[in-house]
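Close look at the chain arrangement
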Amino acid sequence: MTTLIVIDQAPYGSWSGREGLDMAFSLAAFDQSCALLFNGAGVNWLRTGQQPDGLGQKSVAQNLGAAAIFGVEALYADAQACQRYGLANDAIIAGVTLIAPDQTFMTGFEKVTFAG
Amino acid sequence: MNQSVADLPAHIHTLHILNKTVEHPRAAQCLATLATADTVLLIENAVLSAPEVAAAAPCPVFMLAADARARGLIAKSGAGTEATGATPQIGYEHMVQLSALATRIISW
Amino acid sequence: MADISLQTYTVVITGAPYSSQAPQTALDFARAAVAAGHQIDRVFLYGDGVHIASALICPPSDEPHWPRLWSEFLAEHQIPAVACVASALRRGLIDSGEQQRYELSAHNIRAPFEIAGLGEWVEAGTCSKIIYFHSGA
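What follows concerns the interface of chain C and chain A. Each side of the interface is counted separately: chain C has 13 residues, and chain A has 14 residues. At the level of elements, helix 3 (85–90) and helix 5 (119–127) of chain C are the ones that each hand at least two residues to the side of chain C that touches chain A. Here the side of chain C that touches chain A gets 3 residues from one element, more than from any other, and that element is helix 5 of chain C. Here the residues of the side of chain C that touches chain A sort into 5 nonpolar, 7 polar and 1 charged.

Right, let's get into the interface of chain C and chain B. Reports often express the size of an interface as the amount of accessible area lost when the parts come together. Across the contact, 19 residues belong to chain C and 19 residues belong to chain B. Elements represented by at least two residues in the side of chain C that touches chain B include exactly helix 1 (22–35) and strand 5 (129–133) of chain C. Ranked by the residues each element gives to the side of chain C that touches chain B, the list is headed by helix 1 of chain C, at 5 residues. Counted by class, the side of chain C that touches chain B contains 10 nonpolar, 7 polar and 2 charged residues.

We now examine helix 1 of chain C. Helix length check: helix 1 of chain C (14 residues) gives 20 Å between terminal C-alpha atoms against 20 Å at 1.5 Å per residue, within 8%. Here helix 1 of chain C has its buried residues at C:Ala22, C:Pro23, C:Thr25, C:Ala26, C:Leu27, C:Phe29, C:Ala30 and C:Ala33. The inward-facing, buried residues of helix 1 of chain C abut helix 4 (92–101) of chain B together with strand 1 (8–13), strand 2 (39–45), helix 2 (66–77) and strand 5 of chain C.

Attention now moves to the sheet that holds strand 2 (residues 39–42) of chain B. All names here are of chain B. Here we have 5 strands laid out as an open sheet, ordered 4-3-2-1-5, and parallel in their pairing. Looking at strand neighbours, the two that pair on one side only are strand 4 (89–90) and strand 5 (102–107), the edges of this open sheet. Relative to strand 3 (residues 61–64), strand 2 runs parallel, the two sharing 3 bridges. From the neighbouring strand, Val40 faces strand 3, where its bridge partner is Val61.

Rules used in this analysis
Residues numbered from 1 in each chain as written. Chains lettered and ligands numbered in written order. Predicted model: local features only at pLDDT ≥ 70, side-chain atom pairs only at ≥ 80, totals over all residues. Contact = placed C-beta atoms within 7 Å. Helix = DSSP H or I, 4+ residues; strand = E, 2+ residues; numbered from the N terminus. Nonpolar A, V, L, I, M, F, W, Y, C, P; charged D, E, K, R; others polar. Expected span 1.5 Å × (residues − 1). Buried ≥ 20, exposed ≤ 12 C-beta atoms within 10 Å, placed from the backbone. Pairing = 2+ DSSP bridges.

By themselves, these figures tell us nothing about what the structure is for.
So this is what it looks like as structure tokens:
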């Protein structure tokens, strides 16, 4: 019965990822099972060492740090996309599971939802 | 031009509603997750990619007639007849039927 | 012949009017769903979709007025419609309550739209089939 929220937009250049995160946090707040998938350019959310103070924004990686506390069950990332964006294992924040977002993976979720 | 209900699949696991052309990264994500028990409905700009999606999909593919007509894509099939190499064009009432038949709907 | 059972849908729109086709596709879907006897328990506007609830949109007279067409459809079928409060406030969509709370000069939500939290969307997910209409960009 898990809802998978997919974030496939890179952070800071667009707000839709933040609105995806809001959806995941809301589901978790109402005790609904949910997980996040970072796909395509969305994997850039997961890079360690983000310092967006020069943009007047807060670090999305920091927001994500609260995901487990809020009750988001898992953070998944497309392994191929991580490779494309030069995200080696030691450059990815803690608690992320690398997967291939194929048919087998997607079948495991009752709902698959984008924020926009 | 529109299909009768009899031409729609009897069961659909996931209805994939795609509204982007194949250049969009999300179209590739969609194609990567298709299964034989699924159905793809192309709407809005995605109708322009109907031949490519139909060639890649392991499942039935439909497109919204209003979107196809608006973009100058003329249906090659008459009412209820089998389309020859063309993606069947359906109305909003059939989009509703596909949605009702589907266990899961993913809007890409 | 496929056997179609009657459904309860929640329509979620995330694409903005006049920058995406989402409000039109969603309205044609909703009209067809109601015509076929299905129920739409609510419409939820999220992200850029909240602009559909603006009372101040004035398109050129030869273009469709999506906010008006949507409110007429909602009123005719008595379908509740809410714009997500976080999405709405960020984008300047304000009801009278939020106007007072934030001491703003005006409010601009078009009836019958209301402002509510994501909890409305979470609840919809537990009792109806959600269908999303996103921007194509």
